[in-house]
Amino acid sequence: MRSELNERQKQAAEHIDGPLLIIAGAGSGKTRALVERIANIVASKKAYPSEIMAVTFTNKAAGELVERITARVGEIGKMIFAGTFHSLCTRILRRHSDLLGYGSNFVIYDTEDKEKVIKQIVKNNNFNSTSFPVKKISAIISILKNRLIYPENYTPESDENFYEKIREIYADYQKELEKCNAFDFDDLLCMTVKLFQKNEEILFQYQNRIKYICVDEYQDTNYVQDLLITQLSAIYENVCVVGDEDQSIYSWRGADINNILNFRDKHKNCALIQFEQNYRSSAHILTAANSIIAKNTQRLGKNLFTDSGKGEKVCLISAATDIEEGYKITSEIIELITKGSILKEICVLYRTNSQSRIIEENLRKNGLPYTVIGGLKFYERKEIKDLISYLRLLINSDDNVSFERIINFPPRGIGKTTMEKIKQHAMKKGCSYYKALKDSEDDLFTGATANKTGAFIELIERTSAQMNEMNAQKVTELVFNESGLKTHYLKVSDETETNSRIENLYEFLSGVSEFVKSEERNTLLDFLSTVSLLSDIDTYNDREDKIVLMTVHSAKGLEFDNVIVIGLNDGLFPFIRIDEPLKLEEERRLFYVAVTRARKKLIVSTFKDRNRYFGDNSGYLPSRFLDDLPESSTDKTKYEKYDKPQMRYNRLTKYEMNAVSSEAVTAFEKKDLVLSKQFGEGIILDVEGTGSKKVVTVDFDDLGIKKLLVRYADLKKI
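No experiment lies behind these values; they were computed from the predicted model shown. (Residues numbered from 1 in each chain as written. Predicted model: local features only at pLDDT ≥ 70, side-chain atom pairs only at ≥ 80, totals over all residues. Heavy atoms only, no water.)

## As for the overall build of the chain
Counting its secondary structure elements, the chain contains 28 helices and 21 strands. In summary, the chain has a C-alpha radius of gyration of 27 Å against a globular reference of 27 Å for 718 residues, a match within 12%. Projecting the C-alpha coordinates of the chain onto the three principal axes gives extents of approximately 80 × 70 × 55 Å. Looking at the 718 residues of the chain, the share that counts as buried comes to 56%. Partitioning the intrachain contacts of the chain with sequence separation of at least 6 by distance along the chain shows that 74% fall at a separation of at least 24. (Helix = DSSP H or I, 4+ residues; strand = E, 2+ residues; numbered from the N terminus. Rg over C-alpha atoms; globule rule 2.2 N^0.38 Å. Buried < 20%, exposed > 50% of the residue type's maximum accessible area, 1.4 Å probe, protein only. Contact = heavy atoms within 4.5 Å.)

Next up, the structure:
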C-alpha cells in the first residue's frame, strides 16, 4: 500500500510521534493514509494495537477502518480501540460506572426517552406545560451538559423564574436517570470526563494504556470531546487529529470549528500536513468547490486539485417555481438513467427535509424507486421501540421509561389509573416502577388487576431467568414470541392489510442475527449498546439500487457519481435571511460539502417562486452562492437569471405588506405562544433584530425549532 500513497500521505504515514494535524480535503484519501500510519506504528513495535485509539464519527467508518487495518497488519488489527466518541465512552463507563453510582447494565436513553422523563417531571412539579415546553427544556439541558455544567454547579444566567425552575427540573431529571440506571447521549461523554476528573487513578490507567490517539473529523468535535482527547493524550502526546475546517457544518449541535483551527496553538511542536490532491471529483467540480469556499475567513487555507481530468461542467438549472423545479430535476434523473447511470449513484440533496416532498411525488409518478435518508430512523419506529423496550427492561429492571411503554402493550388491560398508582407507590418507596410493583406484596392491587400485573411480572421474571445462557438473537426471538408482540402485529397486519410493521420486526430479528454472527461479544447488552448509538449513515444500505434523497447534513462522508442540489435560493440555501457572517460561513461550508459529494456530474438548481401553504407564491432570490460558481466551469444553458427577486427586498407584495403592518402592531417577546398557518402552535425562544429584519426562533409542537423572519412568518399570538 505504501507505494500507492502520494507524497503528503507518505509524510503523514511516517510521522508517528508527537502531535500531528492533518488537514484532509474532501476525497483526498485520508483513510488510506491513516491505515498506513497505524500499520507503521504496529510495525515499529512502539505500541500494540490495543494501545492505539482511533475515533471516528460513525460506527460504519470505525468498522471500515478496523477492516482495512486488519487486512494490512493481520488479525491483531481487530484489537485496536476503535469507535465513535459515544461508543468508546460507553465501553469505559461499562467498566467504571459504579464509581459514578450507576450499574454496568445501564441503558442509554434517546431523545424520545429523554423527553418522556422531562414531561413526567414537569407534570410532577405542577408546572404549566405551555410555559415549560419539553423540547426547549431538553435543548437547554443538552447545552448545559456540553459545557460540563450539571445541576449542582448550575447558576442561571438570568434571574427570571423560568431559569430557576429549569434548575429544579434539571436536578430532578438527573436524579431520575440515576434511579433508572440510565444515561442520555450527552451523559456518555460528560460522565466519562467527570469519571476522569474525579478518579485520577482511572485516568492514569487510560493515559498509560493509550499510547497513540487518532481522531477523524476533528472539525466537528465539541468542547467535551476536545477536553476528553486532551485528558487522554496528556502523557504521551502522540495525538493525530484529521479534519477539514471547510467541512465544519454542525455548530448547531455544539461543534466548535476553533478546536481544529487552534489545535496547533494548544499542542507544542505540532506538525501540519495538508492533503489537497482529490481522488473523487473531476476538475470542473473541484474548481467550483475551491471558488465557493475561498470567500470564507474561518479557514487555514488549501486548494483541491485532481489528475483525473476536467470532466463535465457544473450544470446550473433555473425553474419558474419549486414545482417546475421538481419536474426538471426528475427529467434530469431520467436522462441520467437513460445514459446508463445506476439508480443508487444518483443523489438529490436539499437544505431542509421539507424540500423532499415535491421530488418524491415526481419520482413516484414516474415509477422510480428511491430511499430517503434521515427521515424516521428504523430503530425509532414504534414497533421496533416496543421490542427494544422489552429487551431493555430485561437488562435493567430500573428502566422506568421502558416499563411504562410495555406494561400495557400489547394491551393486557392495565390502564392509566393502575399505572398512576404504580408511580405513586414507587415515589413513596423511592424505587423503580418495576420494583414497586414486584415488591408490593399483593397489597397494591386485588382481583383482576392483581392478576394482570402479576402476569406481566411473571413474564419478565420467566424470560429474564431463561436469557442468562443465551446470545442476543435467542433472547430477542424469545421475547418476540413470549411478549405477545408477534401475535399482536400479525393480527394488525391481517386487519389493516399492511405488512410494514411486522416486516420491520422481522428485519430487526435479521439485524440481531447478523450482529451475533459478526461480533465476538454478542450478548444482549452488547447489542443494545450498539443500536442505541447508530446514526442515519450507519443504517444506510448502499446495496439497494434506489435513488437517494437526503439533506446535505446527512450526506457528510458519502459520495455519488451524480449529485443534484436543489433549492439554491436565499432564505433556503443559505437558510439564513439576515446578516450573520459566521452563520453565513457555515452555510457556505455546507454548500461546499454538497458540491464535493459528486464524482462525475453535479447539477445545481434554483427557482423563482415557491408555492406556500398559506397561498403566498413568494419570489425568491437565487442563492448568493451561485455567484461563486466560476464561469469557466459552469454550464448555464438551462439557466435563466431573473430580475423579479428584487421585489422581495425593495417592493413588498400585498401579503408582505400585511405581514409588516401586522408586525408593527404585534410585538413578539420570549415565551410568547404563537400560531403559524404553516407550522402550527409554538413558543418563542428568542427574538433578534429590529424592523424588517426582526427574526424569531420558535419551538413548534410538531415540527421542532425554526428560525423565521417576522415580516414573512404570518405569526399570531395565542
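After that view of the structure, there is still more to cover.
## Some points on the domain arrangement of the chain
The domains assigned to the chain are domain 1 (7–94 + 190–277), domain 2 (107–180), domain 3 (379–536) and domain 4 (672–717). Each of domain 2 and domain 3 was reduced to a C-alpha centroid, and the two centroids are 26 Å apart. Both faces considered, domain 2 and domain 3 share a buried interface measuring about 1300 Å² in area, 46% of it formed by carbon and sulfur atoms. Of all residues in domain 2, the largest losses of buried area upon contact with domain 3 belong to Val107, Ile108 and Lys179, amounting jointly to 38% of the total for that side. Where domain 2 touches domain 3, the interface holds 6 salt bridges. Close ionic contact of glutamate 112 with lysine 385 constitutes a salt bridge, the shortest N to O distance being 3.4 Å. At the junction of domain 2 with domain 3, the criterion picks out 10 residue pairs in polar contact (both at pLDDT 80 or more). (Domains from an automatic or database assignment. Buried area = accessible area lost by both parts, 1.4 Å probe. Salt bridge = Lys/Arg side-chain N within 4 Å of Asp/Glu carboxyl O. Polar contact = N/O pair within 3.5 Å; in protein donor to acceptor, adjacent residues only side chain to side chain.)

## Concerning the side chain of aspartate 220
Position of aspartate 220 relative to the elements: it lies in the loop between strand 6 (212–215) and helix 10 (223–232). Owing to a relative accessible area of 6%, aspartate 220 belongs among the buried residues under this scheme. Side chain to side chain, aspartate 220 and lysine 556 meet in a polar contact 2.7 Å long. The residues contacting aspartate 220, other than those within four sequence positions of it, are Phe57, Gln225, Gln247, Ser248, Ile249, Tyr250, Ala255 and Lys556.

## Concerning unusual backbone geometry
In this chain, phenylalanine 409 is followed by proline 410 through a cis amide linkage whose omega measures -5 degrees. Take proline 410: it is sitting in the loop between helix 17 (400–406) and helix 18 (416–429). A cis amide bond links phenylalanine 573 to the next residue, proline 574, at an omega of 15 degrees. For proline 574, the location among the structural elements is in the loop between strand 13 (560–565) and helix 25 (581–595). Residue asparagine 126 is not a glycine yet carries a positive backbone phi of 60 degrees. In this structure, asparagine 126 sits in the loop between helix 5 (111–124) and helix 6 (134–145). Not every positive phi belongs to a glycine, and asparagine 181 is a case in point at roughly 55 degrees. Structurally, asparagine 181 is set in the loop between helix 7 (161–179) and strand 5 (182–184).

## Digging into helix 4 (residues 85–96)
Between its first and last C-alpha atoms helix 4 spans 17 Å; for 12 residues at 1.5 Å apiece the expected length is 16 Å, and the two agree. With 9 of 12 residues buried, helix 4 is to be regarded as a mostly interior element. Phe85, Ser87, Leu88, Cys89, Thr90, Ile92, Leu93, Arg94 and His96 are the residues of helix 4 that are buried. (Expected span 1.5 Å × (residues − 1).)

## Comments concerning the environment of lysine 266
Relative to the assigned elements, lysine 266 resides in helix 12 (residues 263–266). On a C-alpha basis, the gap between lysine 266 and threonine 230 in space is 9.3 Å, while along the polypeptide they are 36 residues apart. With residues up to four places along the chain from it excluded, the contact list for lysine 266 reads Asp226 and Thr230.

## Concerning helix 18
Relative to the 20 Å expected for 14 residues at 1.5 Å per residue, helix 18 spans 20 Å between its end C-alpha atoms, a close match to the ideal helical length. Turning to helix 18, its buried residues are Thr418, Met419, Ile422, Lys423, His425 and Ala426. The buried residues of helix 18 occupy an angular sector of 165 degrees when the element is viewed end-on, so they sit on one face. The exposed residues of helix 18 that point more than 90 degrees off its buried face are Lys416, Thr417, Met427 and Lys428. (Arc of directions from axis to C-beta.)

## Regarding the state of the cysteines
By the definition in use, this model includes 0 disulfides. Lacking any disulfide linkage, cysteine 180 is separated from the closest cysteine sulfur, that of cysteine 431, by 11 Å. There is no disulfide at cysteine 347, and the cysteine sulfur nearest it, in cysteine 315, is 16 Å away. (Disulfide = S-S within 2.5 Å.)

## Some remarks on the sheet that holds strand 6
In space, the 6 strands of this open sheet follow the order 3-2-6-7-1-8, with parallel pairing throughout. With partners counted over all chains shown, the strands left at the sheet margins are strand 3 (81–84) and strand 8 (271–275), one partner each. Pairwise comparison of adjacent strand axes, ignoring direction, gives a mean angle of 15 degrees for this sheet. Of the strand pairs in this sheet, strand 1 (residues 20–24) and strand 7 (residues 239–243) are connected by 4 bridges, and their pairing is parallel. Paired with isoleucine 22 across the strands is valine 242, a residue of strand 7. Helix-sheet contacts for helix 4 involve strand 2 (52–56), strand 3 and strand 6, and the interaxial angle to strand 3 is about 125 degrees. (Pairing = 2+ DSSP bridges. Axes fitted to C-alpha atoms, helices over the stretch in contact; angles between N-to-C directions.)

## As for the nonpolar core
Ranked by internal contacts, the top residues of the largest apolar core, which has 65 residues, are Met53, Phe196 and Leu232. Residue contributions to this core peak at 7 residues, all from helix 8 (residues 185–198). Looking at which domains feed residues into this core, each of domain 1 (7–94 + 190–277) and domain 2 (107–180) supplies at least three. In this structure leucine 232 touches Met53, Phe196, Leu203, Tyr206, Gln207, Ile210 and Ile213, once residues within four positions along its chain are discounted. (Core = buried A, V, L, I, M, F, W, Y, C linked by side-chain atoms within 4.5 Å.)

## Side note on a nonpolar patch on the surface
A contiguous nonpolar patch, built from Phe204, Ile235 and Tyr236 and spanning about 270 Å² of accessible area, is present on the exposed surface. In this structure, isoleucine 235 sits in the loop between helix 10 and strand 7. (Patch = residues over 30% accessible without salt bridge, like charges linked within 9 Å, V, L, I, M, F, W, Y side chains within 5 Å. Areas by Shrake-Rupley, 256 points an atom, 1.4 Å probe, with all protein chains shown as cover.)

## With respect to the packing of helix 16 (residues 382–395) against helix 23 (residues 500–518)
Between two packed helices, both the angle of their axes relative to each other and the distance between the axes serve to describe the pair. Contact geometry for helix 16 and helix 23: axes closest at 8 Å, N-to-C directions at 45 degrees. In terms of their interaxial angle, helix 16 and helix 23 are classed as oblique. Handedness of the crossing formed by helix 16 with helix 23: right-handed. Residue-level inspection shows Lys382, Glu383, Ile384, Leu387, Ile388 and Leu391 of helix 16 in contact with helix 23, the latter providing Ser500, Arg501, Asn504, Leu505 and Phe508. The residue makeup of the contact of helix 16 with helix 23, split by class, is 6 nonpolar, 2 polar and 3 charged. (Parallel < 35°, antiparallel > 145°, perpendicular 65-115°, else oblique. Left-handed = near helix turned anticlockwise from the far one by under 90°. Nonpolar A, V, L, I, M, F, W, Y, C, P; charged D, E, K, R; others polar.)

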